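Structure assessment
One-letter residues, chain by chain:
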Amino acid sequence: MATPAKTPPPAPPADDPALVAAFEARIAAGESIEPKDWMPARYRKQLTRMMAQHAHSEIVGMLPEGNWITRAPTLRRKMSLIAKVQDEAGHGLYIYCGTETLGVERDELVEQLHDGRAKYSSIFNYPTLSWADMGVIGWFVDGAAIVNQTVLAKASYGPYARAMVRICKEENFHKRQGYEICATLAKGTPAQRAMLQDAIDRFWWPSLMMFGPSDKDSPNSAELLRWRVKRKTNDELRQRFVNLTVPQAQAIGVTLPDPDLRFNEETKNWEFGEIDWAEFREVISGNGPCNRERLAARNAAHAEGAWVREAALAHAAKRHRTTEAA
Ligand code: FAQ
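The structure presented is a predicted model; accordingly, all values stated were derived computationally and were not measured. (Residues numbered from 1 in each chain as written. Predicted model: local features only at pLDDT ≥ 70, side-chain atom pairs only at ≥ 80, totals over all residues. Heavy atoms only, no water.)

1. Structural notes on the state of the cysteines
Here is the rule: A pair of cysteine sulfur atoms is labelled a disulfide when the two atoms are within 2.5 Å.
A complete count under the given rule lists zero disulfides for this structure. Summary of cysteine pairing: C97 is not part of a disulfide, and the nearest cysteine sulfur, belonging to C168, is at 18 Å.

2. Quick word on helix α2 (residues 41-60)
Our working definition: In this description a helix means any DSSP run of H or I spanning at least four residues, a strand means any run of E spanning at least two, and both kinds are numbered starting from the N terminus. To estimate the expected span of a helix, subtract one from its residue number and multiply by 1.5 Å. Here the term buried applies to any residue with accessible area under 20% of the maximum for its type, exposed to any over 50%, and partly exposed to those in between, with areas from a 1.4 Å probe on protein chains only.
A rise of 1.5 Å per residue sets the reference length of α2, with its 20 residues, at 28 Å; its end C-alpha atoms lie 28 Å apart and thus fit the reference within 8%. Of all the 20 residues making up α2, 15 are buried; the element is thus mostly covered by neighbouring parts of the structure.

3. Some details on the layout of surface pockets
Quick note on the threshold: Residues are said to line a cavity or pocket when one of their atoms sits within 4 Å of a point; the points come from a 1 Å grid over protein atoms alone, cavities being sets where a 1.4 Å probe fits but cannot get out and pockets being open sets with protein on both sides within 12 Å along at least five of seven lines. Grid points are joined across faces, edges and corners, and a volume is the space filled by probe spheres set on the points.
When its volume is computed, the largest pocket comes out at roughly 1,100 Å³. Every residue lining the largest pocket is counted, 49 residues in all, and those nearest its centre are M50, Q53, S57, S121 and M210. Contributing elements (two or more residues each) for the lining of the largest pocket: α2, α4 (75-100), α5 (106-114), α6 (132-152), α7 (158-186), α10 (234-252) and α11 (277-287). Examining the composition of the lining of the largest pocket, we find that nine residues originate from one element, α6, more than from any other.

4. Overview of empty space enclosed by the protein
Gaps between atoms show up when a probe of the same size as a water molecule is rolled over them. To be explicit about the condition: All amino acids are sorted into three groups, where Ala, Val, Leu, Ile, Met, Phe, Trp, Tyr, Cys and Pro are nonpolar, Asp, Glu, Lys and Arg are charged, and the leftover types, Gly among them, are polar.
Scanning all chains against the criterion turns up one cavity of 30 Å³ or more. Of the voids in this model, the largest cavity is the one considered here, and its volume is about 30 Å³. Around the largest cavity sit W139, G143, V147, K175, F241, L244, T245 and Q248, which together line it. For the lining of the largest cavity, the elements supplying multiple residues, two or more each, are α6 and α10. By residue number, the principal contributor to the lining of the largest cavity is α10, which donates four residues. The residue inventory of the lining of the largest cavity, partitioned by class, reads four nonpolar, three polar and one charged.

Below is the structure:
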């Protein structure tokens, strides 16, 4: 990860056509854009938006699973879950660092999250009601994140792409531990199988929504695809996730809650039913089942951690004084 640059390089006029043409030629040639390179103001803005939302998602994403750490059924499950939640914190930190290389302060991003101005992934606004949810989140949510982030590992912005490489490796472990929980429950008692099926029924559609609105309603996609931040559209990635997940569901004998799911021999795709976009819009507008609870938990954690930040600043100031005096 490149060292965060606190102040952006002095930007020449953002709309200088010669600079934009040179920038786009670099993108077309598959070059990586680095923090000190010139970039259109709009590229910087779009990346800051998307990376900040991604970092927030990792941090808020710790809450639904953190909820089950004390209730994991065995020591082995508890250890994996603690490690997973801790990994998500690490992912948030890499991506915040990456976002800082675009010249934005982390404090500012965190403030936007805490006061509800910034978005984070819709999926984390659903409650985790049973232990099976831990399996299904690993399987579906980390599975969806891998599909999305494997492609982002080829994004044109170097710090983001490099963060994705490492994050995807860890997400693979997360997905496997989740799928293993599901496979175990699927072989369990009727009550365990029912608990698993209930979790699948609740998380399937929200997982499909993680990929964002359909391409025709995705205002940011065209620009992000042109600049190779995104390399595939929302619908292409959603379809890839469905194609990968259906055989996994068949392998452990569970049902995905979609009567319209069918294999198209011609396209080799698993076709699926209509997503409830009204629900998606409600969730991303702050009105999902847990939006308020998630933001309250983040704000409380931030307030409770104030003494740590103050102590770190006091320590840094003391070290600075000692070095100055020496
Ligand atoms: N939730 O024009 P588009 C994870 C917003 S990480 C909330 O299509 P874009 C790991 C979008 O921001 C999960 N908002 O937008 C983990 C835009 O709003 P704005 C996070 C959404 O950027 C696992 C508006 O709708 N991953 O799960 C959502 O081109 C387990 C219009 O949409 C990433 O962030 C949504 N689902 O495409 C952690 C990956 N979808 O800003 C813990 C990076 C769309 O204009 C536990 N991000 N919106 O007001 C991306 O790939 C893209 O940003 C998309 C959205 C695909 C999410």
